[in-house]
Amino acid sequence: MPGYIQPRTLLLVDDEPYVRSSLVRLLRRSGHEYRVFTAASGQEGLELLSQHEIGVILSDQRMPEMTGVEFLRRVKTLHPKTIRIVLSGYTDLQSVTDAINEGAIYKFLTKPWDDVLLCANIEEAFERHETVLENERLQAELTRVNSRLESDNLDLERRVAEKTREIVNNINVLQVSQEILEYLPLAVIGADADGLIVVVNRQADELFAAPPESTLLGSYAAERLPKTLLDRISETAGSSCKTRVNFQLPDGRHAELWWHRMGAHCKSAGIVLVVSPWEESDDGAR
């Protein structure tokens, strides 16, 4: 049995020395490996139980000072996992029946005993004891696993809550950023490394999208942006514009252009364009 530690330990309790000797000899001949303790009284048996791990107890019923049933009732309270058997030549049926009903006694066997039957009952008692211990071990293991699962679930819930808060915060930041972009008095366009426009504000759509109800979003910069703008960017390929660059829009207006190539401070690749159109007066002033 996986949860049981050998040796199997048996306690024989009988006030008659020859009975104890006979039982010890029988068990040695049985072929089973038992560690056997003997006691001449219930009190002596209790003392041995306090010092050793006992699996099965075989006790006489008629003993001075404390009967076998009284002894085993106390054992049930103090050592409930032991398997308790009464062996007696006197059939005090009422007390034995009461003890069996209370769970204090596993079996009642009579003297004189049948050697084969007695050995079989003791072997069965040890198997029952080992089952009790194994069930206890499995229950403890189940409790440990459930505790670990509960802890893991709580940790998972915590991490999900943290991730959810992070996502909500990111969404809020994006919404605020988009709101700012929409109302800037400048046209802002963001394109990825392939030239696909992935960010655009209202000013940019009003300036470059055609017809007016369409949007630059999702289209390619090379197809939708003015050639004059693209030419100014290609003049400084691979770098960013840190000062204003003037160029002319298709409608004849002039505009200032700034651009920044992504990747220096983040994993994004692409370009951000900022365009500010302006009208030139007759004297050349803006």
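Placed above this text is the structure.
This section reports on the structure supplied with the text. The structure displayed is predicted, hence computed values, not measured ones. (Residues numbered from 1 in each chain as written. Predicted model: local features only at pLDDT ≥ 70, side-chain atom pairs only at ≥ 80, totals over all residues. Heavy atoms only, no water.)

Remarks on the environment of Glu130
So, point 1. Looking at the element boundaries, Glu130 is found in helix α5 (residues 115–183).
So, point 2. As for Glu130 and Ile83, which are separated by 47 residues in sequence, their C-alpha atoms are 9.9 Å apart. (Helix = DSSP H or I, 4+ residues; strand = E, 2+ residues; numbered from the N terminus.)

A word on the pattern of salt bridges
So, point 1. This structure, assessed with the given rule, holds 15 salt bridges.
So, point 2. Note that Glu136 is salt-bridged to Lys81, the shortest N-O span being 3.1 Å. Within this pair, whereas Glu136 is found in helix α5, its partner Lys81 is found in the loop between α3 (68–78) and β4 (83–88), the two being separated by 55 residues in sequence.
So, point 3. The exposure class of Glu136 is partly exposed, given its relative accessible area of 41%.
So, point 4. Take Lys81: its relative accessible area is 37%, and that puts it in the partly exposed class. (Salt bridge = Lys/Arg side-chain N within 4 Å of Asp/Glu carboxyl O. Buried < 20%, exposed > 50% of the residue type's maximum accessible area, 1.4 Å probe, protein only.)

A look at the sheet that holds β4
So, point 1. Across the sheet, which stays open at both edges, the five strands sit in the order β2-β1-β3-β4-β5 with parallel pairing between neighbours. Whereas interior strands pair on both sides, the edge strands pair on one side only; in this sheet they are β2 (34–39) and β5 (107–110). Going across the sheet, the axis of each strand differs from the next one's by a mean of 20°, ignoring polarity.
So, point 2. Two elements, strand β3 (residues 56–59) and β4, share four bridges in a ladder whose sense is parallel. Its bridge partner being in β4, Leu58 is matched across the sheet by Ile85.
So, point 3. Each of β1 (8–13), β2, β3 and β4 is contacted by helix α1 (residues 17–29), which is oriented at about 180° to β2, the strand it contacts most.
So, point 4. The strands touched by helix α2 (residues 42–51) are β1, β2 and β3; relative to β2, the strand with the most contacts, the crossing angle is about 140°. (Pairing = 2+ DSSP bridges. Axes fitted to C-alpha atoms, helices over the stretch in contact; angles between N-to-C directions. Contact = heavy atoms within 4.5 Å.)

Digging into α1
So, point 1. Over its 13 residues, α1 runs 19 Å from end to end, which matches the ideal 18 Å to within 8%, given 1.5 Å per residue.
So, point 2. If you check which residues of α1 are buried, you get Val19, Arg20, Leu23, Val24, Leu26 and Leu27. The arc that holds every buried residue of α1, seen down its axis, measures 160°, which confines them to one face. In α1, the exposed residues that point more than 90 degrees away from the buried face are Tyr18, Arg28 and Arg29. (Expected span 1.5 Å × (residues − 1). Arc of directions from axis to C-beta.)

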